[in-house]
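# Results of the structural survey
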Amino acid sequence: MSLTLRTISREQHLAYIRSLPEASHMQVPAWADVKAEWRSENLGWFNGHGELVGVGLVLYRQLPKVKRYLAYLPEGPVINWFAPNLDEWLQPMLAHLKQQGAFSVKMGPPVVIRRWDAAAIKTGMGDPDVKRLRDIEASVIEPRAFEVADRLRRMGWQQGEDTGAGFGDVQPRYVFQVPLAGRSLEEIHKGFNQLWRRNIKKAEKAGVQVVQGGYDQLPIWQQLYEITAERDHFRPRPLSYFQRMWTALNTEDPDRMRLYFATHEGEAVAAATMLIVGGHVWYSYGASANHKREVRPSNAMQWRMLQDAQALGASVYDLRGISDSLDENDHLFGLIQFKVGTGGQAAEYLGEWDFPLNKLLHKALDIYMSRR
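Quick caveat: nothing in here was measured; it's all calculated off a predicted structure.

### Focus on the nonpolar core
Ranked by size, the top nonpolar core spans 45 residues in total, and within it W31, W221, M245 and L249 carry the most contacts. Per-element accounting of this core gives the leading share, six residues, to helix α9 (residues 239-252). Residue contacts for W221: discarding those within four places in its chain leaves F242, L259, F261, A271, A272, T273, Y285, G286 and A287.

### Remarks on the confidence of the model for the protein
One rule of thumb: low pLDDT means the predicted coordinates there are not for detailed reading. Overall, the prediction assigns the protein a mean pLDDT of 94, with 97% of residues at 70 or greater. Every residue in residues 162-169 is under pLDDT 50, and counting partners more than four places away or in other chains gives 26 contacts.

### Quick notes on the environment of L97
Relative to the helices and strands, L97 is located in helix α3 (residues 86-99). Spatially, the C-alpha atom of L97 lies 37 Å from that of L332, the residues being 235 residues apart in sequence. Apart from the residues lying within four places of it in its own chain, the contact partners of L97 are L43, V58, Y60, A71, L73, A102, V105 and L357.

### Focus: the environment of I276
Among the structural elements, I276 can be located in strand β12 (residues 267-277). Residues I276 and A23, 253 residues apart in the sequence, show an inter-C-alpha distance of 9.6 Å. Setting aside residues up to four positions removed in sequence, I276 forms contacts with D255, R256, R258, V281 and L312.

### Description of helix α12 (residues 359-371)
Taking 1.5 Å per residue as the helical rise, α12 with its 13 residues ought to reach 18 Å, and the 19 Å between its terminal C-alpha atoms agrees with that figure. Where α12 is concerned, the buried positions are L361, H362, L365 and M369. When α12 is viewed along its axis, its buried side chains cluster within an angular range of 105° and face the same direction. Facing away from the buried side of α12, by more than 90 degrees, are the exposed residues K359, L360, S370 and R371. Residue N358 occupies the N-cap position of α12, its side-chain oxygen lying 3.1 Å from the main-chain nitrogen of L360.

Definitions and cut-offs
- Residues numbered from 1 in each chain as written.
- Predicted model: local features only at pLDDT ≥ 70, side-chain atom pairs only at ≥ 80, totals over all residues.
- Heavy atoms only, no water.
- Core = buried A, V, L, I, M, F, W, Y, C linked by side-chain atoms within 4.5 Å.
- Buried < 20%, exposed > 50% of the residue type's maximum accessible area, 1.4 Å probe, protein only.
- Helix = DSSP H or I, 4+ residues; strand = E, 2+ residues; numbered from the N terminus.
- Contact = heavy atoms within 4.5 Å.
- pLDDT = per-residue confidence, 0-100.
- Expected span 1.5 Å × (residues − 1).
- Arc of directions from axis to C-beta.
- Polar contact = N/O pair within 3.5 Å; in protein donor to acceptor, adjacent residues only side chain to side chain.

Dropping the structure here:
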């Protein structure tokens, strides 16, 4: 099978994404509008019959003072990763990106290597010898993922030295997902741990209501989000980022991004953004007030979002990143504890891979990033 690669239109790219059961929200054409500070390009792979068989959204970031770029395909490209001729997919891409002035390429193959179910993680949390997810025997292992990693190494790709960490949002390698395919709401609810079920009930009794918001409610979201940022010591994104995200994604597809609020006595006390691409639904950003935590608004909101995802016919509800640390003194331990309560599973992806097209500039970028 001979493959050719060329630049395609956004319309072609979107039509191909829509033909798939799912793809990452970072590989839809509109994601380029969200990341407005990067130059972007839509790539298409064509088979011998001229049919479009794969796509990729490339973001280009210029290196300071040089007309050379870091090319980044977040959670992509969207190709057949298990193809035996993987090099025939990736070589034309590298040649094309080099032509475009890229000195280094970073990509995130959307390939899961291991999964751990909630019961296994819970057992691990109670074992003092277990410090990381990797210390627990995986519930599912994907042997083909190891083959993909071997092929990439043989082609000269390097794994996840955090090159370009300051350039792009380096995506999480470990995520937490609740499988929905073929499961009823009763089964999903049964999957929650006792604490979650109790908290959902508590919120209901206290009169917490979960409502959807629109573009005009983004300032209310922002207030809660900035309170959360201060509490959890991270730098918040500006309101304009979420406004741009809403406009870009919902212009492409009117139900690509949603906003949820948990309200108590008329006041918004928790909020979240949801992203939808085919059968994959993400809980993207979350926020909550410092008060009224005892009425458990976050549990109520997640339950409603899960119900809505199930009603959409989604195959997975993705709670995004977790740390792989199971040390209860780790500042991110609370996050994995909260997510594990949903009864889903932790998934480990292949992680991000770099290809230095110009070794000297790639090295210079490494040094530049490490000094920032």
